[in-house]
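Examining the three-dimensional arrangement
One letter stands for each residue in the lines below.
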Amino acid sequence: MELRLDSPVQYVPRVGPRMAKLLDKLGIRTVENLLYYVPFRYDDFSLVSPIARVQPGETVTISGTIHSIVNLLTKSGKRMQQAVVNDETGKLTVIWFNQPFLIRVLPIGTSVRLAGKIDWFGHKVIMSSPVYEISKTQSLHTSRLVPIYSETDGVTSKWLRGRIADVLEKVSSQLVEHLPDTTKQTYELMDLQKAVTSVHFPPSKKKADEARRRLAFDELLILQARAYLLRQRWQQQKQSYPISIPTDDVQRFITSLPFELTNDQQNSLKEIFDDLIKPTPMNRLLVGDVGSGKTVVAAIAMYAAFGNGLQSVLLAPTQILAQQHYETITKLLGPLGIDVGLVTGERIENEAHSPILIGTHALLSEGVNFQKLGLVVIDEQHRFGVEQRAKLSEQNTQGKTPHLLTMTATPIPRTVARILFGNLDLSVLNQMPKGRIKVKTWVVPNKKREAAYEWITKQINQTGGQAFVICPFIEESETLATVKAVKTEYKKLKAIFAKHTIGLLHGRMKPKEKTTALDRFRTQKDAILLTTPVVEVGIDIPNAIVMLIEAADRFGLAQLHQLRGRVGRGSIGSFCLLFTEAQDEGTLARLKTMETIYSGPQLAEVDLKLRGPGKLFGTRQHGVTELTIASFFDTELIKQTQEALKSLLTFPLLRQKAEKGTIQSLAAD
Ligand code: ADP
Ligand code: MG
C-alpha cells in the first residue's frame, strides 16, 4: 500500500498499532503529523575525527571496527560494557553502562560509527556512552547534527529519527507548496519540502534555523488564516440564547464575595455581559497572568446564565483542575442553592440536571444531554479545538450555539493576541488582586542547599504554611526515568524533613491517587508536596507558601513563573527557591531575572532573547502555548505573516490548508 500524508501513522513501516498508540500521546496520528513533529534541539556530532586526534572534552564522531567488547562489573557494582575500537590511525576504549545487549549488537569485527564525548577515565582517554550506528547504514544518529525530539515512554529520539527519515524519503514529495514564489522571495523562505526535510536532518545549524523559520512562518500564517475564516463563519450563521443580566442578583453575589473585584475583573465582566446579551454567540478570550483571578469572573458569568434558566459548562484541561474548579465553584454558588455537577473520566457528581457542569474532555464524550446550554467556559484554550466546540453545539438542544469564554494564562502580548486570534474578542486582567504580596524569589546555588532546607523547615514551623517541591524532569513528557527520579527524591526529602509528612504527585499516578495526594495537601495533612511539573496549570492552594524548584535551569522562565504562581495566593508572605547545579554565568543570570521580574509576558520575552525561539517554544509546554514551532514573541515574524496574509487569503492552496488545519498544532487535540 502506498503511504500518503494522511495515512494513519500505524502503516509506517516498523510502527504498527502498538507504537501508533504511543505516538498518539505525542499528538502524532498521521504520516504528516510525524513529518511535522519537529525536534526541539540538535546534538552536534558533525565533527568527525580520526581516533589518533581525539581530545578529552570534545564531542566527536569516530568511525572504526570493534576490536573487542566485554561486559564488566565496576567496583561500585555497576554493569559496564567496554569495547576497543580501532581505525587506521589508532585505537580507543569505549564504555557504556547497563547495556549488556551491546555485546550482541556490536560483535567483534562490526564496522561502526560512534558519537559522543571524549573523557578521562582515570588516566585513560575514553569515549563514554556514545551513540552507535552500523557503518553501512545511512548516517542518522552520528556524524551530523542529530535531531532530539520530545519523547514519551517507549518512543525514543533514536527510534523517531529512523521512522522520520524513512517517511521523508517516501512521502516528502507529496507535500504541496502552499505559498506562491513571490511570497517566498519577499520573505526569503525555504521551499516547503526542503524545510520539512532540513528541520529534521539539517546540513548545518544555519539551514536548521532557516527551515524552522519557514515552518514557523507557515504556522503563524495558517493560524491567522484560520482565525479569519472562523470569524467569517461565526458571524454568518450562529445563533445563541441571549442572556440578560440579572443586575441586582449579580451585584448581591459580587458583594457577598470575600474580596473586592479588581478593576480589570469588573471591566472584563462588563465586556462579557455586553456580549452575552446578544443573540449571536460570544467568542471571547480572557487573558490573565496566573493568580489574576479568572475563575471568579467565569463563575459570575455562569451565575448570570443560571439566572436566565440556562445551563453552563466549565471545561478544564485536566481531571485535577476540573475537580478543583468544582470545589471552588461549589463554594461560591452552592450557598445560593445552585447545584454544581462534575464529570471527569474518573468521577461523576450530580451530572443529570445541574445547571452548572464542570468537567474535562470526558464531558464531551460521555454523551451528556445538555439542558439549554447557554455558556461554555474553557480554562486554558489549547486543549480544546474547533471540533470540540462544534460538538458542544451539536449536543445542545434546539441547535443553539453556546456563548464561549476561553481563559488563558499564556503570556501573549496583547497586540500579538489581536493579530493571531483575530476570531476572538479579548479581555485582559493586567492587575493582580489587592493585597497580593510578591513571591520573594532566590536562586539557590548548590552550596546553600542545606541552609535552604533548614530555612524552609523554619518557615513551615513558624507559619503553618506548606511547601511544594518540584522535581527535576528531563523531557516535557513524563518518562519512567522521571518517576524514578521523583521516588529517589522522595526518600531524600523524608530524611531532610523528618518531622513533616510529605505527599507525592506525578503524572503517571492513577487519577484516584492523584486526587488523594492533592486532597491530602489541600487539607493540610501533608506539609510538603513533592511533584513533577503536573501542578503547573492552575492549582490553587492558598496555604502553600514555599515553591522549591529543583534543576530550575531546565525550565523556561515563563514556565518557572507559572510554577511560582502556585504560591503567594493567600495573605502570608511566600517564597520561591530556584535550586540549580548549573555554574555558568549565563544560566545563573537567566535564572536571576526571576528575582526581579514578576510579569509572565516580560519573563517570556527575556527568555526569548536569551535562549532563542527554538529552545523556548519548541518544547510543547502544557498550558503555555499552542504554537509548536513559532513563538508568540517573535514579533518580527508575526508582522511579516500578518502582512503576507493580506495578499494570500484568496490563494487557494493556502486557503485549503487553513480549512483543513493540517499543521499539527492547529489540529484540535
Ligand atoms: P487564575 O487567574 O490563575 O485562574 P484564580 O482564579 O485561581 O487565578 O484566582 C487565584 C486566587 O485569587 C483564588 O484564591 C481567588 O479566590 C483569589 N481572588 C480572585 N479574585 C480576587 C480579588 N479580586 N481579590 C482577592 N483575591 C482574589
Ligand atoms: Mg486558573
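It should be emphasised that the depicted structure is a prediction, and the values quoted were computed from it without experimental measurement. (Residues numbered from 1 in each chain as written. Chains lettered and ligands numbered in written order. Predicted model: local features only at pLDDT ≥ 70, side-chain atom pairs only at ≥ 80, totals over all residues. Heavy atoms only, no water.)

When helices and strands are tallied, the protein shows 23 helices and 21 strands. The C-alpha radius of gyration of the protein comes to 27 Å, within 12% of the 26 Å expected for a compact globule of 669 residues. C-alpha extents for the protein along the principal axes are approximately 90 × 65 × 40 Å. Within the span of the protein, comprising 669 residues, buried residues form 56% of the whole. For the protein, the proportion of contacts with a sequence separation of at least 24, taken over those separated by at least 6, is 72%. (Helix = DSSP H or I, 4+ residues; strand = E, 2+ residues; numbered from the N terminus. Rg over C-alpha atoms; globule rule 2.2 N^0.38 Å. Buried < 20%, exposed > 50% of the residue type's maximum accessible area, 1.4 Å probe, protein only. Contact = heavy atoms within 4.5 Å.)

This paragraph deals with the packing of aromatic side chains. Here a ring pair, both rings aromatic, is described through the centre-centre distance and the interplanar angle of the planes. Tallied over the entire structure, the rule returns nine aromatic pairs. Between Phe253 and Tyr303, the aromatic rings sit 5.0 Å apart at their centres with planes inclined by 50°, giving tilted as the arrangement. With Phe253 in helix H8 (residues 247-256) and Tyr303 in helix H10 (residues 294-307), this pair connects stretches of sequence that are 50 residues apart. Pair check on accessibility: Phe253 and Tyr303 agree, each one buried. With 5.1 Å between their ring centres and 55° between their planes, Phe468 and Phe521 make a pair best called tilted. Placement of the pair is Phe468 in strand E17 (residues 466-470) and Phe521 in helix H17 (residues 511-522), with a sequence separation of 53 residues. Looking at Phe521, the relative accessible area reads 0%, which means it is buried. Cluster of aromatic residues (ring-pair linked, three or more members): Trp442, Trp455 and Phe575. Over the ring of Phe97 we find Lys78, and its NZ or CZ is 4.8 Å from the ring centre. Against the face of Tyr241 rests Lys400, its NZ or CZ located 5.5 Å from the ring centre. (Phe/Tyr/Trp six-rings, centres within 6.5 Å; stacked < 30°, edge-to-face > 60°. Lys NZ or Arg CZ within 6 Å of the ring centre and 35° of its normal.)

Taken as a whole, the protein shows an average pLDDT of 86; of its residues, 91% reach a score of 70 or greater. Here helix H21 (residues 613-618) stands out as the element of the protein with the lowest mean pLDDT, 40, in contrast to helix H6 (residues 192-200), whose mean of 97 is the highest. Across residues 613-625, confidence stays below pLDDT 50; counting only partners more than four residues off in sequence or on other chains, it has 45 contacts. Counting contacts from residues 662-669, a segment whose pLDDT is below 50, to residues more than four positions away or on other chains yields 33 contacts. (pLDDT = per-residue confidence, 0-100.)

A few words on the site of ligand 1. Taken together, 16 residues surround ligand 1, and among them Glu260, Gly291, Lys294, Thr295 and Arg436 come closest. With respect to ligand 1, the side chain of Asp540 contributes an N or O atom lying 3.0 Å from an oxygen atom. Between ligand 1 and Arg569 there is a distance of 3.3 Å, counted from an oxygen atom to a side-chain nitrogen or oxygen. The fraction of the free accessible surface of ligand 1 (570 Å²) that becomes covered by protein chains is 84%. (Near = heavy atom within 4 Å. Polar contact = N/O pair within 3.5 Å; in protein donor to acceptor, adjacent residues only side chain to side chain. Areas by Shrake-Rupley, 256 points an atom, 1.4 Å probe, with all protein chains shown as cover.)

Next up on the list: the sheet that holds strand E21 (residues 575-580). Sheet architecture is open: six strands sit in the order E16-E21-E20-E17-E19-E18, paired in parallel fashion. Of all strands in the sheet, those bounded by a partner on one side alone are strand E16 (440-445) and strand E18 (502-505). The sheet shows a mean angle of 20° between the axes of neighbouring strands, direction not considered. Both E16 and E21 contribute to a ladder of six bridges, which runs parallel. Looking at the pairing, Val444 lines up with Phe579 of E21. (Pairing = 2+ DSSP bridges. Axes fitted to C-alpha atoms, helices over the stretch in contact; angles between N-to-C directions.)

On to the domain arrangement of the protein, then. Domains assigned within the protein are domain 1 (1-41 + 151-172), domain 2 (47-143), domain 3 (247-429) and domain 4 (440-597). For domain 2 versus domain 3, the distance between C-alpha centres works out to 57 Å. (Domains from an automatic or database assignment.)

With that out of the way, let us pick up the pairing of strand E4 (residues 90-97). By the bridge criterion, eight bridges tie strand E3 (residues 79-87) to E4 in an arrangement that is antiparallel. Pairing of Asn86 across the sheet is with Lys91, part of E4. Hairpin connection of E3 to E4: two residues between the antiparallel strands. One ladder, built from three bridges, connects E4 with strand E6 (residues 124-134); its direction is parallel. Looking across to E6, one finds that Thr93 is bridged to Ile126.

Let us now look at the nonpolar core. One recurring pattern in soluble globular proteins: nonpolar side chains tend to sit buried together. Among the nonpolar cores identified, the biggest contains 76 residues, and Leu23, Leu160, Leu215 and Phe421 are the most heavily contacted of them. It is helix H7 (residues 205-237) that contributes the most residues to this core, eleven residues altogether. A domain split of this core shows at least three residues from each of domain 1 (1-41 + 151-172) and domain 3 (247-429). Counting residues in each nonpolar core, the second largest holds 43 residues, with Ile243, Leu257, Ile300 and Val340 among its members. (Core = buried A, V, L, I, M, F, W, Y, C linked by side-chain atoms within 4.5 Å.)

This part is about H8. All of the buried residues along H8 are Val250, Phe253 and Ile254. Here the buried residues of H8 occupy an arc of 100° about the axis, which is enough to place them on one side. Along H8, the residues that are exposed and aim more than 90 degrees away from the buried face are Asp248, Arg252, Thr255 and Ser256. Among the structural elements, helix H9 (263-276), H10 and helix H11 (319-333) are those in contact with the buried residues of H8. (Arc of directions from axis to C-beta.)

Another point: unusual backbone geometry. Unlike most non-glycine residues, Ser129 shows phi in positive territory, near 40°. Considering the arrangement of structural elements, one finds Ser129 in strand E6. Look at Glu188: it is not a glycine, yet its phi comes out positive at around 50°. Within the fold, Glu188 resides in the loop between helix H5 (181-186) and H6.

This part covers the packing of H11 against H17. Running from N to C, H11 and H17 point in directions that differ by 45°, and their axes come no closer than 10 Å. By the angle between their axes, H11 is oblique relative to H17. Between H11 and H17 lies a crossing whose hand is right-handed. Within the contact between the two elements, H11 uses Gln319, Ile320, Gln323, Gln324 and Glu327 and H17 uses Pro511, Lys514, Thr515, Leu518 and Arg522. Counted by class, the contact of H11 with H17 contains three nonpolar, four polar and three charged residues. (Parallel < 35°, antiparallel > 145°, perpendicular 65-115°, else oblique. Left-handed = near helix turned anticlockwise from the far one by under 90°. Nonpolar A, V, L, I, M, F, W, Y, C, P; charged D, E, K, R; others polar.)

Before going further, it helps to examine the environment of Leu47. By the element assignment, Leu47 lies in the loop between strand E1 (41-44) and strand E2 (59-73). Accessibility expressed as a relative area gives 44% for Leu47, which makes it partly exposed. Residues Leu47 and Pro402, spaced 355 residues apart in sequence, show a C-alpha to C-alpha distance of 58 Å. Leaving out residues up to four positions away in the same chain, Leu47 has contacts with Glu58, Thr59, Val60 and Thr61.

One closed barrel accounts for five strands, arranged E2-E3-E4-E6-E5; its pairing is mixed. In this sheet, neighbouring strand axes are inclined to one another by 50° on average, regardless of whether the strands run parallel or antiparallel. Bridge count for E2 against strand E5 (residues 111-121) is seven bridges, and the pairing is antiparallel. Among the inter-strand pairings, Thr59 is bridged to a residue of E5, identified as Lys117.

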